[in-house]
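Listed below, chain by chain, are the residues.
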Amino acid sequence: MSDGRQDRRPWRDVGRDVDDELTFHLEMRARDARAQGLDTDAARREAERRFGDLERIRREVRTIDEQVMRERGRQSMWRDLRQDVNYALRGLWRTPGFTAVALLTLAIGIGANTAIFSVVNAALLRPLSFTDPGELVFLWNRNTDGRPTPFGPGRMMDFRAQSTSFSGFAALSHISYTLTGRGDPETLPGASVSSTFFDVLGVRPLIGDTFHGGHADPNAVVLTYGLWVRRFGGDPSIVGRAITLNRRARTVVAVMPREFFWPFITGTPTAGAGPDLFVPGGPGDVPRVAIDEDRDVRDNRNAGYIRVVARLRPGVTERQADAEVRAIGARLSVQYPQDGGRTAMLVDARTQFFGTLERPLIVLAMAVVFVLAIACANVASLLLARGAARRRDLALRRALGATRLRIARQLLTEALVLSVAGAAAGAIFAWWSVRMLLRVAPDDVTALSVTLDWRVLIYAAAVAVFAGVAFGIAPALQCSRGDLTSALAEGSTRASGSRRSSRVRDWLVACQIAIAVLLVAGAALLVRSFASLTHVDTGIDTRNLLTFAINLTGRTAEYQSEQVRFYAALQERLLALPGVTAAGSAVTLPIGGDDFGTTYQVDGRPIPEPGQEPAGGYQVVMPGFFSAMGIRILEGRDVALTDTRNSQGVVLVNETLARQQWPAHSPIGKRVRISAEEPWLTVVGVTSDIRHLGPAVPPRPEIYQPASQRSFPFMAFVVRTAGDPYQMVPSIRHAVAELDPTLAIADVKTMDDHIAHAVARPRFVSALVTGFSVLALTLAVIGIYGLMGWSVAQQQREIAIRMALGAEKASVLALVLRKAAWLAGAGIAAGLAVTPIATRPMGALLFGVTPADPLSLAAAALALAFVTLFAAFVPAARAARIQPGTLVRS
């Protein structure tokens, strides 16, 4: 093997040769000049004149020599690299068992990292499908409790007129539309947007042309790619044709491209699926209200349904724009007391879309990095054992002239070749893992376009190089240093270097155990948190409870008396269905539905300052809703259809609100009102608490108003059945069609489905981290087993002598297990020390436990102690079965 030194002559040798050559030529010319009759000095001068500038010649020769040396060096480097790679491939081919284990370990570690990074890339790194997405921001009202809420039309228009930080300003509202005339009616999620919406985003349609600022046909509609393919078969001639939405003909003017991604925009960021279609706003370019009327709503300041997206003006930073928005919000709240003391805030587009995914993805990324670290430690341990077995071979190379650096480079090249092969296998594993992951992921993850694009592949390549260096550097240094030539001596193979290799492998295994403790503890925390979440009493009886939504259209949607008449008639038909035991409806569905909130005033109390009013949830319900949901009426009565708009306004409150406002008295007969402009409402009942916002959010104050006194053109129905709720769906569709064949039921789910959806993300994260911890435990077991097996093989003679001198098998067994116990103790202690700090970022994901939960830490410690001793027992038992006579004679 070449050591790369034979052609690397120092300049002083070349310079001496050049000087000798120049001196020879000068002397020859000087001799010729003396032969022509010149004296010695004159002959010397004549020779120098004829020969030329000696210094210039020396510089040229030096430059040429340096170029030659560099070229030879490059050729030597590539020649050595090819030689090292070929040798590494031959060596891996000759040891299929070692190669298979190492490749499998690396494929799992690198593949898991690549799979999770592909999700991180889709959510946090890949540019959004808009022009200059970093300039896009969302504007929100900021309540006194810091919670972001949508704008009312009048307040939104004030921001649009007074802000100077934006080059574009657009607004939207969420509206459901019922598509009819093409097969069965279907309720579609949609959005009403200002005409500037697509201009602000900077996106072009796949076909057709979208709305533009100042120009939008009131009857136009833009379709998303998904809806276009699913309902219209991807027919390009759909542009220019009319479709019927909410009994109104609208002309399709454009179809958005496949990569256009726009989720539902809520105060809590979400990456879930968004609108299927977009329609232009109403008068004043203001997004329409839910009933899709063309009425002018610009004077309304408090109907908070409008979301605002804007593009920063060139040269304006997000901080500057945020300061201006806050100032405008504060100024408007002083000018308009009905604004309720709100200010305003900005949220950048990526945070708005994927903000709630950031922390879970960081936790998952940390978990797979730890799995990769354990995999690298395993492979490093394997390479150390392999290097110990090759010491005679390496010593022979040293004896033939190879330097320690050359040997270390050869060993490191082998590690890199192994890691690159592992990355190739890991890419296949990652592709499979991503497909499996998306099948079990929550909606906000499956809505992402998760692919193995060039960023992911570059990441995989970088991980491969890093892993190769990480697990290859220690064996390369360990096997290349020391007096390797002594290994050529008979019987010295074990004596030289094995003790150092053993210490390094001990350290690697202890690190594996420490990292495994961290992962197992993290998994235990998430599992305990998820278990606590699923055992929370939501206040709802979810058994056999089916839910669905109805969105009214036409005349039925325009008049509240018609809305209530339809809801009452539908509930009557539902109750008449065989197998239905209860039915009711509410404007928003707890745990999985929308959320209406309100401030309120209490009769007999001082009127609070704007922004200081008590707040709570707001519901509009039909009779039967509480009994169908399993919500108890603790005091008073239920709402009734006799509570009309012409009678005294009434409400029910939950026990949390009653306890806060009338702790020592019955709330029955007390009065509250929503605002100073609204009439007083008499409390006629108190209900038990429910967790409207999900299992993780404690009960809040709730106000329930009868739909017969204030209704909406959309309603969520709940139906309790005697058997499987889904078997009632055809009958329910038929009941709706009998009342109005143009209506469709939407979002058909059981209440158990809604709760499962509410806890889908913590379930997903806890399941993945648990899987990674099991993987880490498996790799740790392999590492410990390998170390103890290697250690027993190295100590066979010592163990045989001990047994020949009378040692019992139990003492030999204890000897091996003692070392395993020491490694487990060191690793567990280190893991327990860092776990409370390392798991601190998980705090926001936990429910009912803290990052320093002692039960989770104890479970992790016991698990690692058990698997360590379990992995060490087989090698220990093998050591106890050694036949001393046979081994000593050999």
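Bear in mind that the values here come from a model prediction, so they are computed numbers and not experimental data.

1. Overview of the overall build of the chain
Link 1 in the chain: Within the chain one finds 25 helices and 23 strands.
Link 2 in the chain: Across the 890 residues that make up the chain, the buried fraction comes to 49%.
Link 3 in the chain: Put simply, the chain shows about 40,200 Å² of open surface, and 58% of that area lies on carbon and sulfur atoms.

2. Section: helix α16 (residues 560-575)
Since one α-helical turn is 3.6 residues long, residues separated by three or four positions face the same way.
Link 1 in the chain: Given a rise of 1.5 Å per residue, 16 residues ought to cover 22 Å, and the 23 Å separating the end C-alpha atoms of α16 matches this to within 8%.
Link 2 in the chain: All of the buried residues in α16 are Gln563, Val564, Phe566, Tyr567, Leu570, Gln571 and Leu574. For α16, the buried positions fall inside an angular range of 160 degrees around the axis, keeping them on one side.

3. Points about the packing of helix α23 (residues 809-838) against helix α24 (residues 854-880)
Link 1 in the chain: The geometry of α23 relative to α24 is characterised by a closest axis approach of 8 Å and an angle of 155 degrees between their N-to-C directions. With respect to each other, α23 and α24 are oriented roughly antiparallel. The way α23 lies across α24 gives a crossing that is right-handed. Residue-level inspection shows Lys809, Val812, Leu813, Val816, Leu817, Ala820, Ala821, Ala824, Ile828, Leu832, Thr835 and Pro836 of α23 in contact with α24, the latter providing Leu857, Ala861, Leu864, Ala865, Thr868, Leu869, Ala872, Phe873, Ala876, Ala877, Ala879 and Ala880.

4. Observations concerning helix α5 (residues 153-162)
Link 1 in the chain: Along α5, the residues classified as buried are Pro153, Gly154, Arg155, Met156, Asp158 and Phe159.
Link 2 in the chain: Lining the buried residues of α5 we find β1 (136-142), β3 (166-180), β10 (307-312), α8 (318-335) and β11 (343-348).

5. Observations regarding the packing of α16 against helix α19 (residues 729-739)
Each pair of packed helices gets described by two things: the angle between the helix axes and the distance between those axes.
Link 1 in the chain: The contact between α16 and α19 brings their axes to 10 Å, and the two run at 140 degrees. On the basis of their axis angle, the class for α16 and α19 is oblique. When the axes of α16 and α19 are compared, the crossing they make is right-handed. Contacts from Phe566, Ala569, Leu570, Arg573 and Leu574 in α16 reach Ile732, Ala735, Val736, Glu738 and Leu739 in α19.

6. Brief notes about the pattern of salt bridges
Link 1 in the chain: Considering all chains together, one arrives at 17 salt bridges under this definition.
Link 2 in the chain: The shortest N-O distance in the salt bridge between glutamate 135 and arginine 311 comes to 3.2 Å. Of this pair, glutamate 135 sits in the loop between α4 (96-125) and β1 while arginine 311 sits in strand β10, placing them 176 residues apart in sequence.
Link 3 in the chain: The partly exposed category is assigned to glutamate 135, whose relative accessible area is 28%.

7. Points about the nonpolar core
Link 1 in the chain: In terms of nonpolar packing, the biggest core is built from 97 residues, with Phe197, Trp262 and Phe278 touching the most fellow members.
Link 2 in the chain: Residue contributions to this core peak at 14 residues, all from helix α21 (residues 760-794).
Link 3 in the chain: Discounting residues that sit within four places of it in the chain, tryptophan 262 has contacts with Phe130, Phe138, Leu172, Phe197, Leu201, Gly274, Pro275, Phe278, Val309 and Phe353.
Link 4 in the chain: The next biggest cluster of nonpolar side chains, apart from the first, holds 42 residues, and it includes Phe566, Val620, Leu657 and Ala735.

8. A look at unusual backbone geometry
Link 1 in the chain: Backbone geometry at aspartate 285 places phi at a positive 60 degrees, although glycine is not the residue there.
Link 2 in the chain: With respect to the helices and strands, aspartate 285 occurs in the loop between β9 (277-280) and β10.

9. A word on the side chain of threonine 553
Link 1 in the chain: Position of threonine 553 relative to the elements: it lies in the loop between β12 (545-551) and α15 (554-558).
Link 2 in the chain: Of the polar contacts made by the side chain of threonine 553, one reaches the side chain of arginine 247; its length is 3.1 Å.
Link 3 in the chain: Discounting residues that sit within four places of it in the chain, threonine 553 has contacts with Thr178, Asn246, Arg247, Thr742 and Leu743.

10. Considering the side chain of serine 173
Link 1 in the chain: With respect to the helices and strands, the residue serine 173 is situated in strand β3.
Link 2 in the chain: Only 2.8 Å separates the side chain of serine 173 from the backbone oxygen of arginine 288, close enough to count as a polar contact.

11. Brief notes about the packing of aromatic side chains
Link 1 in the chain: Taken as a whole and judged by the stated rule, the model has 30 aromatic pairs.
Link 2 in the chain: Both rings, one in phenylalanine 117 and one in tyrosine 459, keep their centres 4.0 Å apart while their planes meet at 5 degrees; by these two values the pair is stacked. A residue pair is termed long-range when its members are at least 10 positions apart, and phenylalanine 117 in helix α4 and tyrosine 459 in helix α13 (residues 454-480) qualify at 342 residues.
Link 3 in the chain: Overall, phenylalanine 117 belongs to the buried group, its relative accessible area being 14%.
Link 4 in the chain: By relative accessible area, which is 22% here, tyrosine 459 ends up partly exposed.
Link 5 in the chain: On the basis of an interplanar angle of 80 degrees and a centroid distance of 5.0 Å, the ring pair of phenylalanine 197 and phenylalanine 198 is categorised as edge-to-face. The exposure classification of phenylalanine 197 matches that of phenylalanine 198, with both residues buried.

12. As for the environment of alanine 249
Link 1 in the chain: Secondary-structure assignment places alanine 249 in strand β8 (residues 248-255).
Link 2 in the chain: Sequence separation of alanine 249 and threonine 180 is 69 residues, and the distance between their C-alpha atoms is 10.0 Å.
Link 3 in the chain: Among all residues touching alanine 249, those that are not within four sequence positions of it are Asn219 and Ile243.

13. Considering the confidence of the model for the chain
Link 1 in the chain: In the predicted model, the chain carries a mean pLDDT of 83, and the fraction of residues at 70 or more is 85%.
Link 2 in the chain: Confidence drops under a pLDDT of 50 for residues 1-12, and excluding neighbours within four residues, the segment shows 27 contacts in the predicted structure.

14. Some points on a nonpolar patch on the surface
Link 1 in the chain: On the surface, Val465, Val469 and Ile473 cluster together into a nonpolar patch covering about 210 Å² of accessible area.
Link 2 in the chain: Mapped onto the elements of the fold, valine 469 is located in helix α13.

15. Regarding the environment of arginine 409
Link 1 in the chain: Relative to the helices and strands, arginine 409 resides in helix α11 (residues 404-440).
Link 2 in the chain: Considering only alpha carbons, one finds arginine 409 and glycine 472, 63 residues apart in sequence, at a separation of 9.9 Å.

16. Here's the deal with the environment of arginine 359
Link 1 in the chain: Residue placement: arginine 359 occurs in helix α9 (residues 349-389).
Link 2 in the chain: Between the C-alpha atoms of arginine 359 and leucine 845, which are 486 residues apart in sequence, the distance is 8.0 Å.
Link 3 in the chain: Apart from the residues lying within four places of it in its own chain, the contact partners of arginine 359 are Pro841, Ala844 and Leu845.
Link 4 in the chain: Separated by 3.0 Å, the side chain of arginine 359 and the backbone oxygen of proline 841 make a polar contact.

Rules used in this analysis
Numbering of residues starts from 1 in each chain and follows the order in which that chain's sequence is written. Local features in this predicted model are restricted to residues of pLDDT 70 or higher, and side-chain atom pairs are both shown and tallied only at a pLDDT of 80 or more, whereas totals for entire chains, interfaces and linings draw on every residue. Hydrogens and waters are ignored; side-chain quantities use all the structure's heavy atoms. Helix and strand definitions here come from DSSP, where helices need a minimum of 4 consecutive H or I residues and strands a minimum of 2 consecutive E residues; each element is numbered from the N-terminal end. Relative accessibility under 20% of the residue-type maximum defines a buried residue, over 50% an exposed one, and the middle range a partly exposed one, all with a 1.4 Å probe and only protein chains included. All accessible-area figures derive from a Shrake-Rupley calculation using a 1.4 Å probe, and residue coverage is judged against the displayed protein chains alone. Expected helix span is computed as 1.5 Å times (number of residues minus one). Each direction from the helix axis to a C-beta atom contributes to the arc, which is the arc of those directions. Between the N-to-C directions of two axes lies an angle of 0 to 180 degrees, each axis being a line fitted to C-alpha atoms and, for a helix, fitted only over the stretch in contact. Any angle between 65 and 115 degrees counts as roughly perpendicular, while under 35 counts as roughly parallel, over 145 as roughly antiparallel, and the rest as oblique. Rotating anticlockwise by less than a right angle from the far helix to the near helix defines a left-handed crossing, while the corresponding clockwise rotation defines a right-handed one. Here, two residues are considered to be in contact whenever any of their heavy atoms come within 4.5 Å of each other. Basic side-chain nitrogens of Lys or Arg form a salt bridge, by our definition, when they fall within 4 Å of a carboxyl oxygen of Asp or Glu. We define the nonpolar core as a collection of buried residues of types Ala, Val, Leu, Ile, Met, Phe, Trp, Tyr and Cys that are connected through side-chain atoms lying within 4.5 Å of one another. Two N or O atoms form a polar contact when they lie within 3.5 Å of each other; inside protein one atom must be a possible hydrogen donor and the other a possible acceptor, and for residues adjacent in sequence the pair counts only when both atoms belong to side chains. Between 30 and 60 degrees the pair is tilted, below 30 it is stacked and above 60 it is edge-to-face, where a pair is any two Phe, Tyr or Trp rings, Trp via its six-membered ring, whose centres lie within 6.5 Å. Every residue carries a pLDDT, the predictor's confidence in it, which falls somewhere between 0 and 100. Residues form patches when they are more than 30% accessible in relative terms and have no salt bridge. Like charges link within 9 Å. Nonpolar side chains (Val, Leu, Ile, Met, Phe, Trp, Tyr) link within 5 Å.

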